[in-house]
Amino acid sequence: MDLYIDTANLDEIKKAHDMGVLDGVTTNPSLIAKEGIDYTKRLAEICEVVQGPVSAEVIAVDYDGMISEGRDRAKIAENIVVKLPSTVAGVKACKTLSDEGIRTNLTLCFQPLQALMVAKAGAFLVSPFIGRLDDIGQDGMDLIQQIRQVYDNYGYPTKILAASIRHSQHLLACALVGADVATVPYSVIEGMMKHPLTDSGVEKFVSDYKKAFG
Ligand code: G3P
């Protein structure tokens with residue numbers, strides 16, 4: 001399973017990258033707004049740190065605007081993946097950009113037929129949002145499972161990038177149903193290696209050794 005970090009915060013990206021297990025980065029306009037920095041500048045900075053796919057979202061919601069912004073974003077670095085919304089205009093833009101050799105990530109996917117359409121249009125990634133479905137009383141994991149089945153039925157190469165992951169149980173469930181990628185906040189990455197029995201076990205090994213050998 002590939003692990004991406006879902007943030008535009010450079011310090012968090014560097015810390016996750018330093019662990020040696022980071023495969024990519026996802027950003028969105030809300031995450032960039034939180035940082036209060038120019039989007040293009042920050043994307044270039046991120047691409048200097050991480051060599052894997054870095055998702056850069058368009059702001060435009062119409063086809064022409066998405067194409068123009070998408071081409072601009074793709075020029076920032078070779079590892080940029082253009083993030084487009086899972087709308088009719090988005091799927092059209094996905095087809096055009098994919099045909100030009102620009103990789104795309106179709107975001108805000110909330111039902112499996114959106115995932116089927118974007119796979120047909122050549123999307124490199126599709127981003128189903130788990131947490132936001134849970135927020136409105138639906139089971140986000142059902143969506144991941146259904147997309148997995150549709151893609152496996154027909155052999156679509158589009159990767160399922162589980163997004164809107166809020167906690168480690170979401171992440172574990174994604175790994176169990178076979179999401180190709182999970183994008184998570186830094187707090188979730190940190191939590192992956194935490195267990196109180198690991199900490200107390202390490203403490204005891206060290207203290208036993210010191211008691212015996214000084
Ligand atoms: O990757 C998409 C993610 O940023 C959305 O997460 O927590 O705002 O639903 P959230």
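Refer to the structure printed above.
Residues numbered from 1 in each chain as written. Predicted model: local features only at pLDDT ≥ 70, side-chain atom pairs only at ≥ 80, totals over all residues. Heavy atoms only, no water.

## Quick word on the overall build of the protein
Turning to step 1, where the next piece is worked out: Regarding its fold elements, the protein presents 11 helices and 8 strands.
Turning to step 2, where the next piece is worked out: Across the protein, contacts joining residues at least 24 apart in sequence account for 56% of those joining residues at least 6 apart.
Turning to step 3, where the next piece is worked out: Roughly 11,000 Å² of accessible area belongs to the protein as shown, and the carbon and sulfur atoms make up 55% of that amount.
Turning to step 4, where the next piece is worked out: In the protein, the 21 positive side-chain charges and the 28 negative ones have mean positions that sit 1 Å from each other. (Helix = DSSP H or I, 4+ residues; strand = E, 2+ residues; numbered from the N terminus. Contact = heavy atoms within 4.5 Å. Areas by Shrake-Rupley, 256 points an atom, 1.4 Å probe, with all protein chains shown as cover. Lys, Arg positive; Asp, Glu negative; His and termini not counted. Charge placed at Lys NZ, Arg CZ, Asp CG, Glu CD.)

## Quick word on unusual backbone geometry
Turning to step 1, where the next piece is worked out: Located in the positive-phi region is Leu-108, a residue other than glycine, with phi close to 55°.
Turning to step 2, where the next piece is worked out: Within the secondary structure layout, Leu-108 lies in strand β5 (residues 104-109).
Turning to step 3, where the next piece is worked out: The phi angle at Ser-164 is positive, at roughly 55°, despite the residue not being glycine.
Turning to step 4, where the next piece is worked out: On the secondary structure map, Ser-164 appears in the loop between β7 (159-162) and α9 (168-177).
Turning to step 5, where the next piece is worked out: With relative accessibility at 10%, the residue Ser-164 sits in the buried group. (Buried < 20%, exposed > 50% of the residue type's maximum accessible area, 1.4 Å probe, protein only.)

## Considering the packing of aromatic side chains
Turning to step 1, where the next piece is worked out: Under the definition given, this model contains 4 aromatic pairs.
Turning to step 2, where the next piece is worked out: With a centroid separation of 6.2 Å and an interplanar angle of 45°, the aromatic rings of Tyr-154 and Tyr-156 are classed as tilted.
Turning to step 3, where the next piece is worked out: Overall, Tyr-156 belongs to the partly exposed group, its relative accessible area being 22%.
Turning to step 4, where the next piece is worked out: An aromatic cluster is defined as three or more aromatic residues linked by ring pairs; in this entry it consists of Tyr-151, Tyr-154 and Tyr-156.
Turning to step 5, where the next piece is worked out: Cation over ring: Lys-92 sits above Tyr-63, and NZ or CZ is 4.6 Å from the ring centre. (Phe/Tyr/Trp six-rings, centres within 6.5 Å; stacked < 30°, edge-to-face > 60°. Lys NZ or Arg CZ within 6 Å of the ring centre and 35° of its normal.)

## Here we look at the nonpolar core
Turning to step 1, where the next piece is worked out: In this structure, Ile-5, Ile-80, Leu-84, Tyr-151, Ile-165 and Val-184 are the most contacted members of the largest nonpolar core, which totals 58 residues.
Turning to step 2, where the next piece is worked out: Apart from the residues within four sequence positions on either side, Tyr-151 is in contact with Ala-115, Leu-116, Val-118, Ala-119, Val-126, Tyr-156, Thr-158 and Ile-160.
Turning to step 3, where the next piece is worked out: Listed in part, the 7 residues of the second largest apolar core include Val-81, Leu-125, Phe-129 and Ala-163. (Core = buried A, V, L, I, M, F, W, Y, C linked by side-chain atoms within 4.5 Å.)

## Topic: the pairing of strand β1 (residues 2-6)
Turning to step 1, where the next piece is worked out: β1 sits mainly inside the fold: 4 of its 5 residues count as buried.
Turning to step 2, where the next piece is worked out: As paired strands, β1 and strand β8 (residues 181-184) are joined by 4 bridges and run parallel to one another. Bridge assignment links Tyr-4 to a residue of β8, and that residue is Thr-183.
Turning to step 3, where the next piece is worked out: By the bridge criterion, 3 bridges tie β1 to strand β2 (residues 24-26) in an arrangement that is parallel. Paired with Asp-6 across the bridge in β2 is Thr-26. (Pairing = 2+ DSSP bridges.)

## Side note on the packing of helix α4 (residues 63-76) against helix α5 (residues 88-99)
To characterise two packed helices, one gives the angle between the axes of the helices and the distance between these axes.
Turning to step 1, where the next piece is worked out: At their nearest, the axes of α4 and α5 sit 9 Å apart, and the two run at 40° to each other. By the angle between their directions, the pair α4 and α5 is classed as oblique. Along this stretch, α4 crosses α5, giving a crossing that reads as right-handed. Listed contacts from α5 to Tyr-63, Met-66, Ile-67, Gly-70 and Arg-71 of α4 are Ala-89, Gly-90, Lys-92, Ala-93, Thr-96 and Leu-97.
Turning to step 2, where the next piece is worked out: Of the residues that constitute the contact of α4 with α5, the class distribution is 6 nonpolar, 3 polar and 2 charged. (Axes fitted to C-alpha atoms, helices over the stretch in contact; angles between N-to-C directions. Parallel < 35°, antiparallel > 145°, perpendicular 65-115°, else oblique. Left-handed = near helix turned anticlockwise from the far one by under 90°. Nonpolar A, V, L, I, M, F, W, Y, C, P; charged D, E, K, R; others polar.)

## Focus on a nonpolar patch on the surface
Turning to step 1, where the next piece is worked out: On the surface, Val-202, Phe-205 and Val-206 cluster together into a nonpolar patch covering about 310 Å² of accessible area.
Turning to step 2, where the next piece is worked out: Here Phe-205 falls in the exposed class, since its relative accessible area comes to 65%. (Patch = residues over 30% accessible without salt bridge, like charges linked within 9 Å, V, L, I, M, F, W, Y side chains within 5 Å. Salt bridge = Lys/Arg side-chain N within 4 Å of Asp/Glu carboxyl O.)

## Focus: the site of the ligand
Turning to step 1, where the next piece is worked out: Around the ligand, the neighbouring residues are Asp-6, Asn-28, Phe-129, Arg-132, Ala-163, Ser-164, Arg-166 and Thr-183.
Turning to step 2, where the next piece is worked out: Contacts to the ligand include Asp-6, whose side-chain N or O atom sits 2.7 Å from an oxygen atom.
Turning to step 3, where the next piece is worked out: Ser-164 has a polar side-chain atom sitting 2.6 Å from an oxygen atom of the ligand.
Turning to step 4, where the next piece is worked out: Here the ligand loses 82% of its free accessible area of 300 Å² to cover by the protein chains.
Turning to step 5, where the next piece is worked out: In this structure the site holding the ligand corresponds to the largest pocket.
Turning to step 6, where the next piece is worked out: Residue composition of the shell around the ligand, grouped by class: 2 nonpolar, 3 polar and 3 charged. (Near = heavy atom within 4 Å. Polar contact = N/O pair within 3.5 Å; in protein donor to acceptor, adjacent residues only side chain to side chain. 1 Å grid on protein atoms, 1.4 Å probe; cavity = no way out; pocket = protein on both sides within 12 Å on 5 of 7 lines; lining within 4 Å. Sits in = over half its atoms within 2 Å of the grid points.)

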